[in-house]
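# Coordinates in review
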Amino acid sequence: MAIGQNFQAIDRLQVAITTEASVGSGTKHASASWYNLPITAPPTINVNQVALDTGANQVGLYTPNHNQMKHRTDNPMWEITLEVLGTEYSLQTSLLGGLFKTNTEPVSLVSGLHPVEIRDGAVNTYAEHPTSVIVIRGANFEGTNTFDEETSVSKDLVYSGCVCKSASLSHSMDNGGLAKMTIVFVTGYKKGYTNNFTDDLLTTMVDNRGNSGVHFTDLSAMVGKFQGETHGSSNYDARAYGYNIEISRDVNRVGYTQDADKKPLAYNFSPYSVSGDVIVRSSSNQANIEPYYTNNQMSGFYLKSSGNYAVWLNGLVSAVSNDTGSPELRNTISFQGAGNLLLTDSFTSTADGGGGYTKVTSVGHGLSEGQYVTINSSTSLDGSYYIQSVNQDTFEVLNSWSTSTETGVWLLETFSKQIVSINLNA
Amino acid sequence: MAVDTAVRSTQDLKLSIGTATTTGGTTCSTFYVLPILSPPTILDITAPLEEASPILGTHTMSKSGAFHNRTNKMYEISFSVLASPTIMDLMCLYAYEDGDGVNNLIGNYRPPNWINGATATDTQNIYIQGAGFSENTASTDENSDMYFKGCVCTSLELTHAIDSESGKPVANMTFVTGYNPEYGDNMSDGEAPHNTAVNLTGEGSPNFSDWTTATDIHSSDAGYQIHPYSYSLSMARDVQRIGYVNATDFSPIGYTMVGQWDVSMNCTYKRDANFTNLKSLLYDSTYIYIDMYGNTGGNDWNVFCYGKVTEGGVDTGNPELRNTITLKGMGDVESATAYCGMSM
């Protein structure tokens, strides 16, 4: 056989993704669409490579023994990294919905989230986007560097049973002022071949490559106790130069089927790790932000446009640094994303907090300054409040005490339950 | 052999171009002799000399450590040609495969497939008469001409100014090839296929002074009309070679287009009251167009580009103030909508 004369041009690679019908099936869910992604770098292309295990050296032997080596086909997890523009398409739930187990935009990581159960062959619930199918156009070695249909030539690679492992979002003046996302999927299923992408046979394909995005200069920022300040105070306004958010988890495969495919029996997950940072100009509002560097209270950052764009991270400050590499001093404030253990609980008494506030006693409530709660089932306190003066078993709400103790229930509102919320739409 | 007294005159150079019937092959459908305005690039076969790491303990370079690498050579041939309707149809066809009517570069453009030896019409062969190194006797095979096979257009720049080239447009073209330059004398001898070549003289080339009031920026409303002095439209891309077929002539396996078309258009026009409508376009991210229209001898011509402004300046080098606007061409990547093009 002579040297093959075909080749696959890097610049012709395209990536499409959809929600999978059943785990590992490689077929589109009936409720899903295919999305042609605006990738900004070639995706990872895996070719069923596996680890080679090597046994201990035998005493008395000085050369490796091939009988002590084994390709581990029972436990591979292949990673596929996609770098994509953070335009409005990014919120397609088929892309990030699986990471957050949600079908609702904006996509959010909510306190108390329990990951979806994923077992080989199980029918997926579309709204949870458990697994995805990723097709890379023009990545197979049989490609002949043409975009044209060539019946029976499988130019594309198919990855089934893909689970989103991590996503990072960054947005600054770089990259033309548009947001960028790096999303990592993993799969324990071997790659397959198709010519459906090349031959335009992926049904209900939505081309997202020309979607518009929001320029960084269109954003305003708040850092620190931003939640309470949405009432109107500008004490936490900041001039931001960029931000980053990282959400990741480990996805582990469990076992393998007793056949040639050695498919994973299931996946399981580690807890989420969430972090982020924002770079801001050092200004007098730092005086209001600084307490959160040390006071164990929830804070975070929030960037929004005058339109739909809204991205925030709730958590605690983990590091602060001063950047002297620019004409003016800048601060990089890093956060460890965090949420609440309790999303609702009862309170057992109320008292006068002074200054028009009512002090609410709820033992071990776990709430944090500035979080937004709704109170129900009380005599006179029902309503929504940004809580203040938070102690271990009490918090205060801006409503004059009724002069008699009350009981009731508080619920953490959506805004405060979300550790991360992402809406990049214009 | 004594020193040869013959000379090769640069004024004698002629260039003809034709679309090859196979990529990297010598056969072309029709050759066109172009009215070039300056000598084209003439390149002999060369290869970069690559050097191995120096050997410790030695203080002179080892002759064994240097090697001509012929696996990745790309030759670049440039020429300037008088732009006429027929010629620009050809040049646009070569650059982005649209050679009739309005020659449009579209938003969802895909490059063709450049595969060595494939039957295709996406590469050109360029002959340069008189570029060889021997005199032509018309009786024996000589090396009086040069030709370049498997050429792909990587840039097209159309410039047109009222006070340059007597108001005629000029196209500056660049082609690349991974195939070795070769020598011959068919063009000098007028042998096939050059005996049937079409001589293009620039007939029908438009005059800049024939621009019409349809020339405008961003809108056809009267408040956006401009009085132009010059414009240029530039399209450029990177085409790279893939590997090599064998270690004999090191022909490329194919080519691939890397990245996107880099398109820009600029226009110099009289600074006047209509600038009140145009000045915000310099900074507010508006998606606009520059549209040049003219009619020469009853024939309409048009050059246009859609995009966003990258630069706006005021030229004080003339009796009256002039504005220059430059925009970067961009389109809708999901549709076949034209975002720049021309009709001469």
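Analysis parameters
Residues numbered from 1 in each chain as written. Chains lettered and ligands numbered in written order. Predicted model: local features only at pLDDT ≥ 70, side-chain atom pairs only at ≥ 80, totals over all residues. Heavy atoms only, no water. Helix = DSSP H or I, 4+ residues; strand = E, 2+ residues; numbered from the N terminus. Buried < 20%, exposed > 50% of the residue type's maximum accessible area, 1.4 Å probe, protein only. Contact = heavy atoms within 4.5 Å. Areas by Shrake-Rupley, 256 points an atom, 1.4 Å probe, with all protein chains shown as cover. Buried area = accessible area lost by both parts, 1.4 Å probe. Polar contact = N/O pair within 3.5 Å; in protein donor to acceptor, adjacent residues only side chain to side chain. Disulfide = S-S within 2.5 Å. Salt bridge = Lys/Arg side-chain N within 4 Å of Asp/Glu carboxyl O. Pairing = 2+ DSSP bridges. Axes fitted to C-alpha atoms, helices over the stretch in contact; angles between N-to-C directions.

### Describing the overall build of chain A
- The helix and strand inventory of chain A stands at four helices and 29 strands.
- Seen through its C-alpha atoms, chain A measures out along the principal axes to roughly 90 × 55 × 50 Å.
- Within chain A, buried positions represent 48% of all 426 residues.
- Sequence separation of 24 or more characterises 71% of the internal contacts of chain A that already satisfy a separation of 6 or more.

### A short note on the overall build of chain B
- A count of helical and extended segments in chain B gives three helices and 19 strands.
- With the C-alpha coordinates of chain B rotated into their principal frame, the extents come out at 70 × 55 × 40 Å.
- For chain B, the proportion of its 344 residues judged to be buried stands at 47%.
- Contacts spanning at least 24 positions in sequence make up 71% of the contacts within chain B whose residues lie at least 6 apart.
- For chain B, the exposed area adds up to about 15,900 Å²; of that, 49% sits on carbon and sulfur atoms.

### Examining the interface of chain B and chain A
- In this assembly, 17 residues from chain B lie in contact with 16 residues from chain A.
- Across the chain B to chain A interface the summed buried area is about 1,300 Å²; carbon plus sulfur atoms make up 47%.
- Considering only the surface of chain B that becomes buried against chain A, Arg110, Asn113 and Glu334 of chain B emerge as the three largest contributors, covering 41% of it.
- Remark: the boundary between chain B and chain A carries six residue pairs in polar contact (both at pLDDT 80 or more).
- Every element with two or more residues in the side of chain B that touches chain A is listed here: strand S7 (114-115) and strand S15 (254-270) of chain B.
- If one sorts the elements of the side of chain B that touches chain A by residue count, S15 of chain B sits on top with six residues.

### Regarding the state of the cysteines
- This structure, assessed with the given rule, holds zero disulfides over all chains.
- Left unpaired, cysteine 340 of chain B is separated from the closest cysteine sulfur, that of cysteine 305 of chain B, by 5.0 Å.

### Regarding the environment of asparagine 376 of chain A
Residues and elements named next belong to chain A.
- Position of asparagine 376 among the secondary structure elements: in strand S25 (residues 372-376).
- For asparagine 376, a relative accessible area of 31% corresponds to the partly exposed category.
- Placed 35 residues apart in sequence, asparagine 376 and leucine 411 show a C-alpha to C-alpha distance of 8.0 Å.

### Things to note about the pattern of salt bridges
- On inspection of all chains with the given rule, the structure shows ten salt bridges over all chains.
- In this structure, lysine 328 of chain B and aspartate 262 of chain B form a salt bridge, with 2.9 Å as the shortest nitrogen-oxygen distance. Of this pair, lysine 328 of chain B sits in strand S18 (residues 322-329) while aspartate 262 of chain B sits in strand S15; the two residues are 66 residues apart in sequence, bridging distant segments of the chain.
- Residue class for lysine 328 of chain B comes out partly exposed when judged on its relative accessible area of 38%.
- Taken together, the salt bridges that share partners define one network made up of Asp53, Arg72 and Asp74 of chain A.

### Considering the side chain of threonine 102 of chain A
All names here are of chain A.
- With respect to the helices, strands and loops of the structure, threonine 102 is situated in the loop between helix H1 (93-100) and strand S6 (107-110).
- Among the polar contacts listed, one links the side chain of threonine 102 to the backbone nitrogen of threonine 104, at a separation of 3.0 Å.
- Apart from the residues within four sequence positions on either side, threonine 102 is in contact with Thr93, Gly97, Val107, Ser108, Ala127 and His129.

### A few points about H1 of chain A
All names here are of chain A.
- Most of H1 sits inside the fold, with eight of its eight residues counted as buried.
- For H1, the set of buried residues is Thr93, Ser94, Leu95, Leu96, Gly97, Gly98, Leu99 and Phe100.
- Looking one or two residues beyond H1, the residue adopting positive phi is lysine 101, at roughly 55°.

### Observations regarding the sheet that holds strand S17 (residues 266-269) of chain A
Residues and elements named next belong to chain A.
- With respect to topology, three strands assemble into an open sheet ordered S7-S17-S16, the strand pairing being antiparallel. If you trace the sheet from one side to the other, it starts and ends with strand S7 (118-119) and strand S16 (251-254), each paired once.
- Pairing analysis gives four bridges linking S16 to S17, with the strands arranged antiparallel. Paired with valine 254 across the bridge in S17 is alanine 266.

### A few points about the sheet that holds strand S28 (residues 408-412) of chain A
All names here are of chain A.
- Spatially, four strands are ordered S22-S28-S25-S26 in an open sheet, and the strand pairing comes out antiparallel. Edge positions in the sheet fall to strand S22 (344-347) and strand S26 (383-386), since each has one partner strand and no second. Strand-to-strand twist in this sheet, taken as the mean axis angle between neighbours without regard to direction, amounts to 30°.
- Sheet topology note: the S25/S28 ladder contains four bridges and is antiparallel. Counterpart to valine 373 in the pairing with S28 is leucine 412.

### So, unusual backbone geometry
- Put simply, glutamate 105 of chain A and proline 106 of chain A share a cis peptide bond, and its omega is 0°.
- The residue proline 106 of chain A is located in the loop between H1 and S6 in this model.
- In this model, alanine 192 of chain B is joined to proline 193 of chain B through a cis peptide bond whose omega is 5°.
- Turning to its location among the elements, proline 193 of chain B is positioned in the loop between helix H2 (186-189) and strand S12 (198-199).
- For asparagine 296 of chain A, which is not glycine, the phi torsion reads 60° and is therefore positive.
- Structurally, asparagine 296 of chain A is set in the loop between helix H3 (286-289) and strand S19 (299-304).

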